[in-house]
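If you want the building blocks of each chain, they are given just below.
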Amino acid sequence: MERNLVKIQGLNVDSFSFDEAVEYANSISGQVVTINPEMIDRAVKDSEFAEIINNAELVIPDGIGVELGLKILGHNVHRIAGIEFSHKMIEITSVNSQSLALIGARPEVVQKAKEKIQQEFPDLYITYVKDGYFEDDESVLNDIKIRQPRLVLCALGSPRQEEFIYKAKKLLPDSLFIGVGGSFDVWSGCVQRAPEIYQKIGLEWLYRTVKEPKRFKRIFPTLPLFVLQVLKERFIPKGV
């Protein structure tokens, strides 16, 4: 299966369906970026971060904002929720008798996430668990290199998780790394995911913002400005 890339704000995004993305991810190693408008906004301002995204082995549009932006640009690409994609990859890892590493979040959160995942997939080998409160990347990289997990989920927040994975994938050429943001909080039960209706219509971000008002400053004005930038990209020629 070959990648079919589209561009938004100069960044590569894969146009796979959910099932295609899962199939493709199962056949490769390297970095999976679950891209959202905040990450795109940062990449536009930070060329090194943009390079990390454009060198990722898979970039899935995580969020209705990216889906909307791609549709404005004429690309019929549907969002792939990163948390659902990652959960499916855990399932495949378990079925294939491969191992999983969990890196990130608060100590109690990542431990609880491990317990919940282990309950759901009792045959899964979770070879490494590390909270996100570390400063010595090299020590953690050495630890996971020794264990050689097939799947590594990093919940370090963006851009740290993408930067960490970019370094890690060079040391573990057979591993698949996914930046999962706040997924450990949900899997651990510490944060409740939005009701299914919000998930289906792509307004999970709105539900979480209402539940966690501190997120408002992070999302606004990024989201509306992102849409404006995409409209400019679509309708205003470069150099104008």
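Scroll up for the structure.
Predicted model, so just to flag it, every value in this text is computed and none were measured.

**Q** How should I be thinking about the overall build of the protein in this particular structure?
**A** Assigned secondary structure in the protein consists of 13 helices and eight strands. Taking 18 Å as the expected radius of gyration for a compact globule of 240 residues, we find that the protein reaches 17 Å, a close match to that expectation. Along the three orthogonal principal directions, the C-alpha set of the protein runs to about 55 × 35 × 35 Å. The buried share of the protein, taken over its 240 residues, is 48%. Here the contacts in the protein between residues at least 6 apart in sequence split such that 72% fall between residues at least 24 apart. Only carbon and sulfur atoms are counted for the fraction: they give 51% of the accessible area of the protein, which is about 12,100 Å². For the protein, the distance from the average site of its 30 positive side-chain charges to the average site of its 33 negative ones is 4 Å.

**Q** What's the story with the pattern of salt bridges in this structure? I'm lost.
**A** Oppositely charged side chains can pair when the atoms bearing their charge come close. Within this structure, the stated rule accounts for nine salt bridges. Salt-bridge contacts for D14 lead to R3; the nearest nitrogen and oxygen are separated by 2.7 Å. Linking D14 in strand β2 (residues 11-14) with R3 in the segment before β1 (5-8), this pair joins segments that are eleven residues apart in sequence. Of the residues examined, R3 reaches a relative accessible area of 27% and is grouped as partly exposed. R106 is paired through a salt bridge with E108; the nearest N and O atoms lie 2.9 Å apart. Residue classification places R106 among the partly exposed residues on the basis of a relative accessible area of 37%.

**Q** Explain the nonpolar core here, please?
**A** Nonpolar side chains tend to gather and get buried jointly when the protein is soluble and globular. Of all hydrophobic cores here, the largest spans 34 residues; its most connected members are F85, L153 and F184. Among all residues touching L153, those that are not within four sequence positions of it are S86, I90, L100, A101, L102, I103, I178, V180, F184 and W187. Counting residues in each nonpolar core, the second largest holds 21 residues, with I40, V59, L70 and I72 among its members.

**Q** Any chance you could explain the sheet that holds strand β5 (residues 99-104) here in plain terms?
**A** Strand pairs in the sheet, formed through backbone hydrogen bonds, run parallel or antiparallel to each other. Strand order in the open sheet formed by six strands is β4-β3-β8-β7-β5-β6, and the pairing between neighbours is parallel. Sheet topology places β4 (58-61) and β6 (125-130) at the edges, where each strand pairs with a single neighbour. Going from strand to strand, the sheet's axes swing by 15° on average, the running direction of each strand aside. In terms of strand pairing, strand β7 (residues 151-155) meets strand β8 (residues 176-179) through four bridges, oriented parallel. Across the sheet, the residue bridging to L153 is I178, located in β8.

**Q** Quick question: what am I supposed to make of the packing of aromatic side chains here?
**A** The description of an aromatic ring pair uses the distance of the two centres, along with the angle that the planes make with each other. All chains considered together, the criterion is met by three aromatic pairs. A centroid spacing of 5.1 Å and a plane angle of 40° characterise the contact between F16 and Y24, whose relative ring orientation is tilted. On the basis of relative accessibility, which here comes to 11%, the residue Y24 falls in the buried class. The aromatic ring of F134 is capped on one face by R160, whose charged end is 4.5 Å from the ring centroid.

**Q** Just to check I follow, could you spell out the environment of L171 for this structure?
**A** Summarising the element assignment, L171 is placed in helix α8 (residues 160-171). Judged by its relative accessible area of 29%, L171 is partly exposed. Placed 26 residues apart in sequence, L171 and K145 show a C-alpha to C-alpha distance of 6.7 Å.

Calculation criteria
- Residues numbered from 1 in each chain as written.
- Predicted model: local features only at pLDDT ≥ 70, side-chain atom pairs only at ≥ 80, totals over all residues.
- Heavy atoms only, no water.
- Helix = DSSP H or I, 4+ residues; strand = E, 2+ residues; numbered from the N terminus.
- Rg over C-alpha atoms; globule rule 2.2 N^0.38 Å.
- Buried < 20%, exposed > 50% of the residue type's maximum accessible area, 1.4 Å probe, protein only.
- Contact = heavy atoms within 4.5 Å.
- Areas by Shrake-Rupley, 256 points an atom, 1.4 Å probe, with all protein chains shown as cover.
- Lys, Arg positive; Asp, Glu negative; His and termini not counted.
- Charge placed at Lys NZ, Arg CZ, Asp CG, Glu CD.
- Salt bridge = Lys/Arg side-chain N within 4 Å of Asp/Glu carboxyl O.
- Core = buried A, V, L, I, M, F, W, Y, C linked by side-chain atoms within 4.5 Å.
- Pairing = 2+ DSSP bridges.
- Axes fitted to C-alpha atoms, helices over the stretch in contact; angles between N-to-C directions.
- Phe/Tyr/Trp six-rings, centres within 6.5 Å; stacked < 30°, edge-to-face > 60°.
- Lys NZ or Arg CZ within 6 Å of the ring centre and 35° of its normal.

The values reported here are purely geometric and, on their own, carry no functional implication.
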